[in-house]
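Spelled out from the first residue to the last, the chains are:
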Amino acid sequence: MAASVANVPIAIVTLITEDEQIFLANVGLGDLKGTPREASFCAHAIVNSSQTEIPDTHCDVRFSSNPFVVEDPKVRSYLGAVLEPEAEIRLGTVCVIDTVPRTHSEKTKEALSKIGAAITAILVSHRQNLDLVDHSQKLDAQNAEMNGLNASLRHKTEKLIAAEQARNTFLSTISHELRTPLTSIKGALGLLKFGGLDFPPERFDQLITIANQNSDKLLSLVNDILEIQKGTFETNRASFVPVDLFGLVEEAVSSYQSYAADKGVSLTFTASTHHACVVQGDSKQLDRVMANLLSNAFKFSDPGGQVEVDLNYVEGEPQISVTDHGVGIPEGAEDMVFGLFTQVDNSDTRPAGGTGLGMHICRQILTQHNATISYKSTLGEGTTFIVKFKTGTA
């Protein structure tokens with residue numbers, strides 16, 4: 001349009017930077033995208049006024065030796081209108097160039113100014129659009145950050161709610177578990193206090209036995225709670241020493257033989273080797289694991305039943321298994337087996353009592369020893385608990 005209005009072969013829309021002149025659009029210059037600033041006519045135009053006209057470059061000392069005057073396209077006349085979106089903020093020009101000397105009419109100059117104003121409006125609009133896009137991207141980033149913060153806050157809130165629910169459940173369960181043996185002890189002692197002199201010896205012995213058994217249960221429960229609270233089953237691996245599993249298991253089985261006899265249960269121990277089977281660990285804590293496993297096996301064994309303990313190597317790593325032939329464990333009960341204060345059968349008529357802490361503590365101890373505990377079970381046939389050690393990384 002500018003070239004047509006001015007009737008010239010060359011017209012350019014330029015932006016002037018510190019070092020160069022950039023062509024946003026042109027006719028008459030082919031694929032040329034810009035020039036160095038020092039060779040630019042427009043760099044002079046944006047300094048001088050809203051319009052700059054050079055009727056004959058050969059007569060102007062500023063341009064007579066300009067490479068675009070001396071060589072192609074051999075510029076002889078120039079008229080440029082400044083692109084000025086704000087006062088003293090000049091971006092570049094829309095200019096018309098001829099290869100012959102000439103002076104443009106006021107009508108042409110006015111038309112070129114209007115074209116320059118339109119181009120300036122387009123550039124301002126484009127800049128505003130870019131600002132809007134940039135602002136939108138910043139808002140998107142802020143929204144994403146806020147969403148992340150909200151998700152984190154929601155996750156932490158859910159964890160706090162879950163922790164509070166777990167705490168309430170823990171306290172409720174402790175209260176129930178403590179109340180049960182205390183009620184039995186109080187009941188037995190109350191009967192002895194108010195009628196003990198009139199009881200026959202067998203009734204007297206029965207009440208004493210009830211009080212004694214429930215005192216043991218209460219003491220075991222309190223000890224387990226204290227250990228859970230203090231984490232005393234967590235041993236620093238730096239203090240681990242070599243422990244002979246064969247000797248530890250053999251001693252545990254031997255110490256439980258009389259208890260097995262009292263329960264009417266046969267207890268056997270087999271091992272694939274009688275040589276030392278050494279792991280790094282804490283013998284007291286590992287002995288406690290064996291005590292819990294054996295106690296649990298006896299608990300779910302019927303009189304005349306059998307508990308089998310086996311020590312062998314599986315894929316070069318030591319493995320302890322304790323098998324009972326009791327009621328078994330239903331599928332999907334692992335969380336209950338190893339959970340806090342949970343037992344697979346929570347009915348009041350279950351044949352075996354307990355605090356529901358033993359297997360949980362076993363897992364915690366074995367985790368510290370780089371060992372795992374799992375089980376295989378069939379309902380009505382029995383259960384095998386399996387402890388696997390990793391001697392290479394313990």
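The present account deals with the structure reproduced in this document. Just so it is clear, the structure is predicted and the values come from calculations on it, not from any experiment. (Residues numbered from 1 in each chain as written. Predicted model: local features only at pLDDT ≥ 70, side-chain atom pairs only at ≥ 80, totals over all residues. Heavy atoms only, no water.)

Things to note about the overall build of the protein
Rule in force here: Runs of E in the DSSP output that reach at least two residues are strands. Runs of H or I that reach at least four are helices, and both are numbered from the N terminus. Burial classes follow relative accessibility: with a 1.4 Å probe on protein chains only, a residue under 20% of its type's maximum area counts as buried, one over 50% as exposed, and anything between as partly exposed. The contact rule is simple, with two residues in contact once any of their heavy atoms fall within 4.5 Å. Surface exposure here means Shrake-Rupley accessible area, sampled with a 1.4 Å probe, where a residue is shielded only by the protein chains that are shown.
The secondary structure content of the protein amounts to 10 helices and 13 strands. Residue burial in the protein is summarised as follows: out of 394 residues, 37% are buried. Contacts in the protein between residues far apart in sequence, at least 24 positions, make up 62% of those at least 6 positions apart. Summed over its atoms, the accessible surface of the protein is roughly 22700 Å², and 54% of this surface lies on carbon and sulfur atoms.

Concerning the pattern of salt bridges
Convention followed: Salt-bridge detection follows one rule: a side-chain nitrogen of Lys or Arg within 4 Å of a carboxyl oxygen of Asp or Glu.
One pass over the full model with this rule turns up 10 salt bridges. When the shortest N-O distance is used, the salt bridge between glutamate 106 and lysine 109 registers 3.9 Å. With a gap of three residues between them, glutamate 106 and lysine 109 both fall in helix H4 (residues 106–195), about one helical turn apart. For glutamate 106, a relative accessible area of 60% gives the class exposed. Each of the salt bridges in this network shares a partner with another, and the network as a whole consists of Glu53, Glu106 and Lys109.

A few points about the packing of helix H8 (residues 283–299) against helix H10 (residues 358–368)
In plain terms, the rule: Lines are fitted to the C-alpha atoms to define the axes, a helix being fitted only along its stretch in contact, and any angle between axes, read from their N-to-C directions, falls within 0 to 180 degrees. What sets the label is the angle itself: under 35 degrees gives roughly parallel, over 145 gives roughly antiparallel, 65 to 115 gives roughly perpendicular, and the rest give oblique. Note: crossing handedness is left-handed where the near helix turns anticlockwise from the far helix by less than a right angle, and right-handed where it turns clockwise. Any residue that is not Ala, Val, Leu, Ile, Met, Phe, Trp, Tyr, Cys, Pro, Asp, Glu, Lys or Arg is counted as polar, Gly included; the first ten are nonpolar and the last four charged.
For the pair H8 and H10, the least separation of the axes is 9 Å and the interaxial angle reads 150°. The orientation of H8 with respect to H10, classified from their angle, is roughly antiparallel. Note that H8 runs across H10; the crossing there is left-handed. Along the contact surface, H8 presents Gln285, Leu286, Arg288, Val289, Asn292, Leu293 and Asn296, while H10 presents Gly358, Met359, Ile361, Cys362, Ile365 and Leu366. Broken down by class, the residue content of the contact of H8 with H10 amounts to eight nonpolar, four polar and one charged.

Some details on empty space enclosed by the protein
What counts here: The rule is simple: put a 1 Å grid over the protein atoms alone, call a set of points where a 1.4 Å probe fits but cannot get out a cavity, call an open set with protein on both sides within 12 Å along at least five of seven lines a pocket, and count a residue as lining if it has an atom within 4 Å of a point. Grid points are joined across faces, edges and corners, and a volume is the space filled by probe spheres set on the points.
Applying the stated criterion to the full structure yields three cavities of 30 Å³ or more. Approximately 140 Å³ is the volume attributed to the largest cavity. Every residue lining the largest cavity is counted, 17 residues in all, and those nearest its centre are Ile12, Gln21, Phe23, Phe41 and Ile97. Residue assignment for the lining of the largest cavity shows that the elements contributing at least two residues are strand E1 (10–16), strand E2 (20–27) and strand E6 (92–98). Of the residues assigned to the lining of the largest cavity, the class counts are 14 nonpolar, three polar and no charged. The space that makes up the second largest cavity amounts to roughly 50 Å³.

As for the sheet that holds strand E4 (residues 51–54)
Basically, it comes down to this: Strand pairing is assigned whenever DSSP detects at least two bridges linking the two strands.
With antiparallel pairing, the six strands of this open sheet are ordered in space as E3-E2-E1-E6-E5-E4. Bordering the open sheet on either side are strand E3 (34–36) and E4, each of which pairs with just one other strand. Each adjacent strand pair in this sheet contributes to an overall mean axis angle of 20°, direction not counted. When E4 meets strand E5 (residues 77–83), the two strands line up antiparallel, connected through four bridges.

Examining unusual backbone geometry
Across the junction of aspartate 72 and proline 73, the peptide omega takes the value 10°, indicating a cis bond. As for its position among the elements, proline 73 is in the loop between helix H3 (67–70) and E5. The backbone of asparagine 7 shows a phi angle near 55°, a positive value even though the residue is not glycine. Here asparagine 7 shows up in the loop between helix H1 (2–6) and E1. On the accessibility criterion, asparagine 7 (60% relative accessible area) is exposed. We note that glutamate 315 has phi near 55°; this positive angle belongs to a residue other than glycine. Note that glutamate 315 resides in the loop between strand E10 (306–314) and strand E11 (317–324).

Some remarks on the sheet that holds strand E13 (residues 382–389)
Read across the sheet, five strands follow the order E8-E10-E11-E13-E12 without closing on themselves; strand pairing throughout is mixed. Two strands in the sheet have a free side with no partner beyond their single neighbour: strand E8 (266–271) and strand E12 (371–378). Recorded for the sheet is a direction-independent mean angle of 15° between the axes of neighbouring strands. Bridging between E10 and E11 involves seven bridges; their strand directions are antiparallel. Paired with valine 309 across the two strands is valine 322, which belongs to E11. The strands touched by helix H6 (residues 245–255) within the sheet are E8, E10, E11 and E13, with E8 carrying the most contacts at an inclination of about 170°. Where H8 meets the sheet, it contacts E8, E10, E11, E12 and E13, and its direction lies at approximately 25° from that of E11.

Things to note about H10
When we look at burial in H10, the residues that qualify are Gly358, Met359, His360, Ile361, Cys362, Ile365 and Leu366. With its phi angle positive at about 55°, asparagine 370 sits one or two positions after the end of H10.

Regarding the pairing of E11
Of all eight residues in E11, seven are buried, a share of seventy percent or more. Adjacent in sequence and paired antiparallel, E10 and E11 are bridged by two residues, among which glutamate 315 carries a positive phi angle near 55°. Here E11 runs beside E13; their pairing, made up of six bridges, is antiparallel. Bridged to isoleucine 320 within E13 is valine 387.

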